[in-house]
Structure formats: structure tokens, C-alpha cells
Amino acid sequence: MAWSAMKRRIALVPGAVPAALTGACAGIQSPLAPASDQAFALHDLLILMTAVCGLIYLLVIAGLVWSVLRARQHAKRAAAAPVDDSALDRSLIASAVIIVTGLTVLIFGSFLADRALLAARAEKAMMVRVTGHQWWWRIEYRNPATGRWVETANELHLPLGRTTRVELASNDVIHSFWVPNVSGKIDMIPGRRNMLDLTPRRSGWFRGACAEFCGAQHAHMALDVRVDDPVAFDAWLAGQAEAARKAQGPGEALFGLHCGSCHAVRGTPANGRAGPDLTHFAARRSIAAGTLPMTRGALQGWIAQPQALKPGTAMPAVPLRPAEADAVASYLAALR
Amino acid sequence: MLIVLALAGCSQEARRLVPGPPQTAPNGNADPRIPAYQENLYQISQGGRYFAWYGCSACHGEDAAGPANLADGDWRHGGGFANVFAVIGERHAGQDYAARTPVEQRWQLTAYVRDLSRHHAEKRRRIMLDQKAEPQGSAWLGPQ
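Residues numbered from 1 in each chain as written. Chains lettered and ligands numbered in written order. Predicted model: local features only at pLDDT ≥ 70, side-chain atom pairs only at ≥ 80, totals over all residues. Heavy atoms only, no water.

Visitor: A description of the packing of helix α3 (residues 41-53) of chain B against helix α6 (residues 103-115) of chain B should follow, citing residues and the corresponding values.
Guide: Residues and elements named next belong to chain B. Interhelical geometry of α3 versus α6 gives an angle of 100° and a closest axis separation of 7 Å. By the angle class used here, α3 and α6 are roughly perpendicular. Contact with α3, carried on its side by Q43, I44, Q46, G47, G48, Y50 and F51, involves E104, Q105, Q108, L109, A111, Y112, V113 and D115 of α6 and no other residues of that element. For the contact of α3 with α6, the residue count by class is 7 nonpolar, 6 polar and 2 charged. (Axes fitted to C-alpha atoms, helices over the stretch in contact; angles between N-to-C directions. Helix = DSSP H or I, 4+ residues; strand = E, 2+ residues; numbered from the N terminus. Parallel < 35°, antiparallel > 145°, perpendicular 65-115°, else oblique. Contact = heavy atoms within 4.5 Å. Nonpolar A, V, L, I, M, F, W, Y, C, P; charged D, E, K, R; others polar.)

Visitor: Would you mind going over the domain arrangement of chain A in detail, with residue names and values included?
Guide: All names here are of chain A. Domain boundaries assigned for chain A yield domain 1 (37-75 + 83-120), domain 2 (124-241) and domain 3 (251-333). Inter-centroid distance (C-alpha atoms) of domain 1 to domain 2 is 38 Å. If you look at the interface, domain 1 gives 6 residues, while domain 2 gives 11 residues. When domain 1 packs against domain 2, the two sides together hide about 620 Å² of surface, and 44% of this comes from carbon and sulfur. When the area that domain 1 buries against domain 2 is broken down by residue, the three leading residues are D37, Q38 and A120, summing to 66%. Linking domain 1 with domain 2 are 1 salt bridge. In this structure, the salt-bridge partner of D37 is R201, at a minimum N-O distance of 2.8 Å. (Domains from an automatic or database assignment. Buried area = accessible area lost by both parts, 1.4 Å probe. Salt bridge = Lys/Arg side-chain N within 4 Å of Asp/Glu carboxyl O.)

Visitor: Lay out the sheet that holds strand β3 (residues 149-153) of chain A with the relevant residues and their values.
Guide: Through backbone hydrogen bonds, the strands of a sheet pair up, either in parallel or in antiparallel fashion. Residues and elements named next belong to chain A. As summarised here, the arrangement of the 5 strands in space is β3-β2-β1-β5-β8, forming an open sheet in which the pairing is mixed. With partners counted over all chains shown, the strands left at the sheet margins are β3 and β8 (194-198), one partner each. Ignoring strand direction, the axes of neighbouring strands in this sheet form an average angle of 25°. (Pairing = 2+ DSSP bridges.)

Visitor: Report on the packing of aromatic side chains, specifying residues and quantitative values.
Guide: The relative placement of two aromatic rings is captured by the distance of their centres and the angle of their planes. All names here are of chain B. Tallied over the entire structure, the rule returns 10 aromatic pairs over all chains. Taking 5.3 Å as the distance between ring centres and 50° as the angle between the ring planes, the aromatic pair formed by Y37 and W107 counts as tilted. Residue Y37 is located in helix α2 (residues 35-38), and its partner W107 is located in helix α6; the two are separated by 70 residues in the primary sequence. A single burial state applies to Y37 and to W107, both of which are buried. Ring centres of F51 and Y112 lie 5.2 Å apart, and the angle between their planes is 55°; on these two criteria the pair is classed as tilted. Taken together, the residues span a long stretch of sequence, with F51 in helix α3 and Y112 in helix α6 at a distance of 61 residues. With respect to burial, F51 and Y112 carry one shared label: buried. An aromatic cluster is present here, built from Y37, F81, F85 and W107 joined pairwise through their rings. (Phe/Tyr/Trp six-rings, centres within 6.5 Å; stacked < 30°, edge-to-face > 60°. Buried < 20%, exposed > 50% of the residue type's maximum accessible area, 1.4 Å probe, protein only.)

Below, the structure written as C-alpha cells:
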């Protein structure tokens, strides 16, 4: 019985591999499941490139097989027959035509994709500033009510169907912004501002990641991306623009004393800019740029020992007594 | 000669990623943990960064005179690592740096302050320029 079960399991393996591969295509971090105009343009280019290069690859392999078989037949015949170059000429011309045609198609496809990526440039777009830090993302929106910049971190919200112009910069080393479902990747270079236009066409959660090695915790530099319909987006932005609600308990004072030099919570004395803005911290999905999920346990662990969870992070272990750490965690968990 | 000099600098900034940085004050001026901070340029430059972020340069700036001048090698309460560490946390009335700064940052600040007498004016200016683009308080408007 055990043997038959094992056989069944072995029989499953060849099916499981393609299933796992195609499963990756539909994910929240995949260029094969495009969700914006720009990602569609890049996706089309990818399909065209795979088709053209695949076709030429097959032709080359077929030619190789054919010539090997033919050489064997030739070897059997007498070697004294006169050499005929006309067939060689014809095949060289044919291969040159195939290569030039393939390259022309690819250049044209790439030209069209470039045009599509730049198509939104002329439109009036909403500006968002994204700044890379070791190892998190500072995200700033312009508050439509006051025109002032509103800061958040590690979670990018985009309105469905509207063009957003993302201005990318870096505060320390070269990072790279890449949300495969929504955008192509573009580097964030210290001293430069790069632009990227995004016009999402499908709502939902997506995942972005830093795509340029940027130090020890490069792998823990992820970005949650939420595409919402414009009404929900406007409501979210209005909520983000507000200051934090007045908190009960000792957490706020403790946070201001121990954490306020680096973190800001608008509406309280905590006004540090070195670390992420935590004004609406608990409304986010994850902690420390996608390192941990937003749960009470993860939050408490992160406050107690950030260096054990993300060695090298700029956040130090702050010496707090257990009751104080608990009060700070309660305070943060209520910042919605 | 140049190659030898360059190689000698290789490990000066080596940064060890360990889960347990110091969480207690130094145990006397001969604490075995001190060299990892005092002789490491990465830790010293982190200290310089926090020196600016916590506003130390408001009183201990380049032109500070008397006891506030930290670069003259003259220490009122002793120049040992543990002495300076204790002064940062305990002898700034009204600032309570012992509560405001995490222990590891005070180790880095101490290493930086004790290294200041070796910082010549150009080096200090260069560090200041480097840090100008870093996020410090509400005046910061994004990277330069």
C-alpha cells in the first residue's frame, strides 16, 4: 500500500512542476499578470520577444539537425562529385533575411513599447515622491486640500484609472523601484530624480521590491502596493493627511521620549525624520518594509529586538521595561 | 607603497552584523567591548551622525569654548570610555540622554566624541556636507 501511495506521489511530480511555474505567473509580484497600461506595454513586448527569439532558436536547431543528417548521407557517397555553391548562397541569403526581419520586428516593438511608457507624460498626473532608504521606502503625497506634502512609508496607494507620476530618489545608495504588476523597474540614484508614470487598470494588492542590491537587508526591502478605485483612494489620502488621534495611556509620552528623535507621529511632539513616519502606522499591512506582518506579536518583537529580526537595520534596540514596551506597542497598534 | 597603504585601510570600517549589540553601559574603561567601537571607523561615523541628529552640535559645535569644546583633549570628568559614556547620559541636566538615546547609539557617540581630537577641520567639514542631505527634523525637504 505504501508503495502504491509513493508511486502516485511520484506520478504527481511532473504535473506539479508546471503547476508551480504557472502559479507564479498569476501572483501579486509578476510581470506576467500586468495590471497597468505601462505593464501591459512591457508584457506585450516580452511576448513578442519570446516569440521572435523562440522562432529563430527553433529554426537554428532545425538547421543544425538537418545539416548533421545530410552530412552523414554525403559521407556515404563518393567524395569526388563537383562542389555546388548555389545552395550555400541561397541559405546564407535566407538566414540574413530572417535575422534582419526578426531584429526589425523587435526594434519596432520596442519603439512602440517606449511610446506607450511615455504616452502619459503630457497628461496632468498626480505626483508621488518615493525615496529609497536602507532599507525602507519613504512615500510622500501632496494633500489635495492644503497642497502640503503628506508622508507615509512602505505602502504605496494608487488610484485606479488615473495616471500617477512617481518621482524616485535615494537617500543613501542606489536602490531600484520595481512593482512587476504595475511598472517596469527603474533605479533610484542618489542626487538624481527619476520619473515613472503609472496608470493602473486593475485594483488589488501587489508587491514591489528593491531590485538593486543595496546592502545586508536588501531582501527585506519590500513595498506593498494597493490599487483602489478613485473614491476609496481619495478617502484614504484624506485620512493619511490627518494628524494622529489623541491617545489614551502612557504610550504617547513614552514614544515621544524614546522614539521621537527618529520617528514622527503628526500631532504629537514626536517629529524625527530619520525613520518612517508612523502617524497612521497600524493602518499598514506590514512592519519594517515587508519584513513582518502587522500583528501585535510582530510589533512587540520588533520593538524589543529589531537587530535580531533585521540585522543591520538603522533601528536600535531601545531599552524599555516590559510594561513600557507594552504601552508603546498598544499606542502604535491604535494609530490608524 | 600605495597598495600597502590601501590594504591597511581595508578592515577599518568592517561592519559586523550581530543580533546582540551592547545593551549595557561599559564596565569600566577597560571593557573588552570598547575596541570594537573605538577602533572602528563605521561606528565612529555613526556616532557623528547621531551627534548631529540629537542636536549635540548646538552646544558642542566647532567654535565651542571651555568645557563644551570636545576636540581639545581636555576632559573635566576623565577621558576614559566609561567616563565619557557616563557624562553623556547623566550630566546633561534637562536633556535626559540616558532615556532619549538607545545604549548602542551612546556607545557610538562616545567613540565619536573621543575621536574628535583626531578630526581636522577639513574632515569635519566634509562630514557636515555629507550629512546635509540626511533627514534631520522638519526642515528636511528630501534628498539633495
